[in-house]
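For reference, the chains in residue letters:
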Amino acid sequence: MSGPGTAGAVDAPADPRPTRPGRRGRAAGRTPPVRPRRTLWDRLRRDWPLLAMTAPAACLLLVFHYVPTLGNVIAFQDYNPFVGDDPLEAFLYSEWIGFGNFEALFGDPLFWDAVRNTLTITAFQLVFFFPLPIMLAILLNSLVSGRVRGFVQSVVYLPHFFSWVLVVTFFVQMLGGAGLLAQEMREAGMQPWDVMTNPDTFIVLVTAESVWKDVGWGAIVFLAALSAIDPNLYEAAAADGAGRWRRLWHITLPGLRPVIVLLLIMRLGDALSVGFEQFILQREAVGREAAEVLDTFVYYQAISTQQWGLGAAAGLFKAVVGLILILTANKVAHRLGEQGVYAKS
């Protein structure tokens, strides 16, 4: 019988389905079962194939990167490799001079000329070289024909495997005083351009050589990032009336942004390393004032004169500056919402 105020109401039948522990059960105070924590031995048994696969690379990194890092101690010594009977005794018996090598390094005007040239070349290449692999990757990705894409990729990748000796020789044969361009200009009655020996345009020359050699290789990472973008996004944007440029701006570039930020941070970490072979091969042609970078400075002022401590001080200076630039750029990337080199904890 129904109570007052419920006249005509019909009791709802009970739900025959069994109650499953889910959100309702957890809301009522139930807690999910706690999984037992895996021990270190359990994780090793589970992941040993991956650990075995990465062990050779880890050993190479340890032997050729981390162990030589201990040699930075000679930056604080008047290192003499001929003291003692073995290299270990040379480390132990060389005179400790503290920051004497750094004082000599920072007091040398040639060092600051090399730093200025290095930073100038880095900044110039960041503006005029860094965007080119991105543009090339987008262009290659837009090619419909697989054969054409493969042929173009092979052509632009090939110069990366050439040595700098061959690259510089190629540019000399094309743009040098006795090269093809100069001969054609003489036959046309014009004065040949001074390209290979002009210190004022040397920064443009080395950037052009780097572009010809490495722009195709640099596009590989961006092509991989482009392949990870969902094609359905392009189809949906095209169905909504978005043209090619809008799809590029709203889909392609945002998909490439994490990779661009990561590579930009890594490039800033190498701001004081623009190469050695390329510059030492052309140093005599354009002069020290234009072609002296930090790596060639270390070779001529430290290694050639056997001032090992001075060279180690210059290398340690490069490492510290690179670390500061990477950490600063990574923090800026976190502020802008990007992951950067490592995720923000």
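Below is a summary of the structure that appears in this document. All figures in this text were calculated on a predicted structure; none of them were measured in a lab.

This brings us to the side chain of Arg 283. Examined against the element boundaries, Arg 283 turns out to sit in helix α13 (residues 277-286). The contacts of Arg 283, once residues within four sequence positions are left out, are Arg 288, Ala 291, Glu 292 and Tyr 300.

Time to look at the pattern of salt bridges. As enumerated under the stated definition, the model contains eight salt bridges in all. The partner of Asp 214 in a salt bridge is Lys 213, and the shortest N-O contact between them spans 3.9 Å. On the basis of relative accessible area, Asp 214 is assigned to the partly exposed category, the value being 22%. For Arg 283, the salt bridge goes to Glu 284, with nearest N and O atoms at 3.8 Å. Take Arg 283: its relative accessible area is 10%, and that puts it in the buried class.

Counting residues in each nonpolar core, the largest one holds 22 residues, and the members touching the most others are Phe 222 and Leu 256. Among the elements of the structure, α6 (131-141), α7 (146-157), α10 (202-227) and α12 (244-269) are those that each provide at least two residues to this core. In this structure, Phe 222 is in contact with Pro 133, Ile 134, Ala 137, Leu 256, Val 259, Ile 260 and Leu 263, ignoring residues within four places of it in sequence. Of all hydrophobic cores here, the second largest spans 20 residues; its members include Leu 105, Phe 111, Leu 272 and Ala 313.

The next point concerns α7. Between its terminal C-alpha atoms α7 stretches 16 Å, which fits the 16 Å expected from 12 residues at 1.5 Å a residue. Every buried residue belonging to α7 is among Gln 153, Val 156 and Tyr 157, and all of these are buried. The arc enclosing the buried residues of α7, seen along the axis, measures out at 95 degrees, which places them on a common side. Among the exposed residues of α7, those pointing more than 90 degrees away from its buried face are Arg 147 and Phe 151. Buried residues in α7 make contact with α6 and α10.

With that settled, the discussion passes to the packing of aromatic side chains. With the rule as written, the count across this model stands at 21 aromatic pairs. An angle of 45 degrees between the planes, with centres 5.5 Å apart, marks the rings of Phe 76 and Phe 102 as tilted. In this pair, Phe 76 is assigned in the loop between α2 (40-69) and β1 (77-78) and Phe 102 in helix α4 (residues 100-106), connecting sequence segments 26 residues apart. Between Phe 276 and Tyr 299 the ring centres are 5.7 Å apart and the planes differ by 65 degrees, which places this aromatic pair in the edge-to-face class. In this pair, Phe 276 sits in the loop between α12 and α13 while Tyr 299 sits in helix α15 (residues 294-303), placing the two residues 23 residues apart along the sequence. On the accessibility criterion, Phe 276 (28% relative accessible area) is partly exposed.

Here we come to the packing of α6 against α10. When two helices pack together, you describe them by how their axes are tilted relative to each other and by the distance separating the axes. Running from N to C, α6 and α10 cross one another at 60 degrees; their axes reach a closest spacing of 7 Å. Comparing their axes, α10 and α6 come out oblique. As for the relative orientation of α6 and α10, their crossing is right-handed in sense. Residues Leu 132, Pro 133, Ile 134, Leu 136, Ala 137, Ile 138, Leu 140 and Asn 141 of α6 pack against Val 211, Val 215, Gly 216, Gly 218, Ala 219, Phe 222, Leu 223 and Leu 226 of α10.

Cut-offs applied
Residues numbered from 1 in each chain as written. Predicted model: local features only at pLDDT ≥ 70, side-chain atom pairs only at ≥ 80, totals over all residues. Heavy atoms only, no water. Helix = DSSP H or I, 4+ residues; strand = E, 2+ residues; numbered from the N terminus. Contact = heavy atoms within 4.5 Å. Salt bridge = Lys/Arg side-chain N within 4 Å of Asp/Glu carboxyl O. Buried < 20%, exposed > 50% of the residue type's maximum accessible area, 1.4 Å probe, protein only. Core = buried A, V, L, I, M, F, W, Y, C linked by side-chain atoms within 4.5 Å. Expected span 1.5 Å × (residues − 1). Arc of directions from axis to C-beta. Phe/Tyr/Trp six-rings, centres within 6.5 Å; stacked < 30°, edge-to-face > 60°. Axes fitted to C-alpha atoms, helices over the stretch in contact; angles between N-to-C directions. Parallel < 35°, antiparallel > 145°, perpendicular 65-115°, else oblique. Left-handed = near helix turned anticlockwise from the far one by under 90°.

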